[in-house]
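# Reading the structure
Chain residues, written in single-letter form:
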Amino acid sequence: MKLKSIQAAEAKLLLPTYERNPILFVDGEGMYLVDENGERYLDLLSGIGVNALGYGHPAVNEAIARQSRKLVHISNLYFHEGQAELALRLTERTGLDRAFFCNSGTEAWEAAMKLARAYSTLRRSEGHTIGTRFLALENSFHGRTMGAVSTTHKDKYREPFQPLVPGVDFVRFNDVDHLRASFSNEVCAVLIEPVQGEGGIRPVSQEFFAAARELTESTGALLIADEIQSGLGRTGKWFAYQQFGIQPDVTTLAKPLAGGLPLGAMLCTEEASRGIHAGLHGTTFGGGPLACAVAIAVIDTIENEGLLAKINETGEYFKQQLHHLAAKHESVVDVRGMGLMLAMEMNSADFAKQIVAKMLERRILINRTSETVLRFLPPFIVGREHVDIAVSALNEILSEEGASKQKGATEWLAKR
């Protein structure tokens, strides 16, 4: 089936949840995706932060082949070799104690929310004064399920699904005074993306994160860090909260964890884990043998190939080049981010949308978030040569736009 026949079939058969670009990808290698005509596209989005090792990485392929010859799935009623081994790698790197595996980021977030409520219930049974409310942040995005949407700020994600899960209040981003005024012993958890992804690649401030840690410790509420997009090396450390030197009680992971296979994880402290007992939460598919085997291979590859250092080095180079563009082109409002989680904010949502389309014409994949923000989430294997290709294309597009504006202004003055 070629592109047009697939488009026709999807239009008839699928729920229209995505506005797809008219490209049919059939293969991939390293930093590149390949379409049905054999054209190669430089991928600086990595499946929205999923394909950390790019396409066709030997470690991923070998883990899939090896494990698929043994066990792909068994019930979580029984043991297999992968979960404890993967949990050990994650607890060592997060500084947390226990793991729960699921299928996606939003499921990991649901697990974290349920844990917070269950832990607060336990604390009340032990005589402590603690409520059930969540404090989330403006511009947050935590997923698509009902609990995740309830803690996601933007109206466009929330309004069609009202009424949502009750007991959620939103705090102004990086407003410490508002956080302190909103916090009380009615709060069971403060919910933070150390770097907001869908919200425009906005790092939380050190002061705000520290205040959240101080407040939660004062009452026994949980500090929950959403690392679904920023975690597992994306910012140059294993987890973005480590950039701030602040340890949460709970964190959630997903996107790059299993190299493209569905896998999410919620990790927590030993103390917080007291809120969950057998039968209180679960999953059919989460943490299966195949996904765990691939996740172990991904983590080991990041470690063995020194990719954290590469992320820091290439990410800093990429960021510098984006700053050079900002200095040259007045349409660029801001450049921000950490490691290989970067953004260039434009002065117009329409122009940002045009840039994504024009990059696609040049066979370079990026996307737009928060309307005006160009988002870059390349695979961890990205090199300076790939950055140079992208920056050159961006400079060309921005220069064309600047020349067009100048021409328009000159023509307008001539008519006067």
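Scoring rules and cut-offs
- Residues numbered from 1 in each chain as written.
- Predicted model: local features only at pLDDT ≥ 70, side-chain atom pairs only at ≥ 80, totals over all residues.
- Heavy atoms only, no water.
- Helix = DSSP H or I, 4+ residues; strand = E, 2+ residues; numbered from the N terminus.
- Rg over C-alpha atoms; globule rule 2.2 N^0.38 Å.
- Buried < 20%, exposed > 50% of the residue type's maximum accessible area, 1.4 Å probe, protein only.
- Contact = heavy atoms within 4.5 Å.
- Areas by Shrake-Rupley, 256 points an atom, 1.4 Å probe, with all protein chains shown as cover.
- Pairing = 2+ DSSP bridges.
- Axes fitted to C-alpha atoms, helices over the stretch in contact; angles between N-to-C directions.
- Parallel < 35°, antiparallel > 145°, perpendicular 65-115°, else oblique.
- Left-handed = near helix turned anticlockwise from the far one by under 90°.
- Nonpolar A, V, L, I, M, F, W, Y, C, P; charged D, E, K, R; others polar.
- Expected span 1.5 Å × (residues − 1).

What follows covers the overall build of the chain. Secondary structure summary: the chain contains 14 helices and 17 strands in total. Here the C-alpha radius of gyration of the chain, 22 Å, is about what a compact globule of 416 residues would show, namely 22 Å. Taking the principal axes of its C-alpha atoms as reference, the chain extends roughly 80 × 55 × 45 Å. Looking at the chain residue by residue over its 416 residues, the buried ones come to 54%. For the chain, the share of sequence-separated contacts (at least 6 apart) that also reach a separation of at least 24 residues comes to 72%. Carbon and sulfur atoms make up 52% of the accessible area of the chain, which amounts to about 19100 Å² in all.

For the rest of this paragraph, the subject is the sheet that holds strand E13 (residues 332-338). Strand order in this open sheet of four strands is E13-E14-E17-E16, and the pairing throughout is antiparallel. Edge positions in the sheet fall to E13 and strand E16 (367-369), since each of these pairs with one other strand and no more. Taken over all neighbouring pairs, the strand axes of this sheet differ in orientation by 30 degrees on average, direction set aside. Sheet topology places strand E14 (residues 341-346) next to strand E17 (residues 373-376); four bridges connect them, and they run antiparallel. Bridge pairing in E17 links alanine 343 to arginine 375.

This brings us to the packing of helix H3 (residues 58-68) against helix H11 (residues 289-304). The N-to-C vectors of H3 and H11 enclose an angle of 150 degrees; their axes lie 9 Å apart at closest approach. Relative to H11, H3 is oriented roughly antiparallel. For H3 against H11, the interelement crossing comes out right-handed. Between H3, through Ala59, Val60, Ala63, Ile64, Gln67 and Ser68, and H11, the contact on the second element is made entirely by Pro289, Leu290, Ala293, Val294, Ala297, Val298 and Thr301. The residue makeup of the contact of H3 with H11, split by class, is ten nonpolar, three polar and no charged.

In any sheet, the strands associate via hydrogen bonds between backbone groups, in a parallel or an antiparallel arrangement. One open sheet holds the seven strands; their spatial order is E4-E12-E11-E10-E7-E5-E6, and the pairing between them is mixed. Only two strands of the sheet have a single neighbouring strand rather than two, namely strand E4 (98-102) and strand E6 (168-171). With direction set aside, neighbouring strand axes in the sheet form an average angle of 20 degrees. Where strand E5 (residues 133-137) meets E6, four bridges bridge the pair, whose relative direction is parallel. Bridging across to E6, leucine 135 finds its partner in aspartate 169.

Across the interface, helix H4 (residues 82-94) lies against H11 with an axial gap of 9 Å and an inter-helix angle of 35 degrees. The way H4 lies across H11 gives a crossing that is left-handed. Side by side, H4 and H11 meet where Gly82, Gln83, Glu85, Leu86, Arg89, Leu90 and Arg93 of the first sit next to Cys292, Ala295, Ile296, Ile299, Asp300 and Glu303 of the second.

Before going further, it helps to spend a moment on helix H5 (residues 105-125). If you check H5, its first and last C-alpha atoms are 30 Å apart, about what 21 residues at 1.5 Å a residue would give, namely 30 Å. Glycine 127 occupies a position one or two residues after H5 and carries a positive phi of about 95 degrees.

Keep in mind these numbers describe shape, not what the thing actually does.
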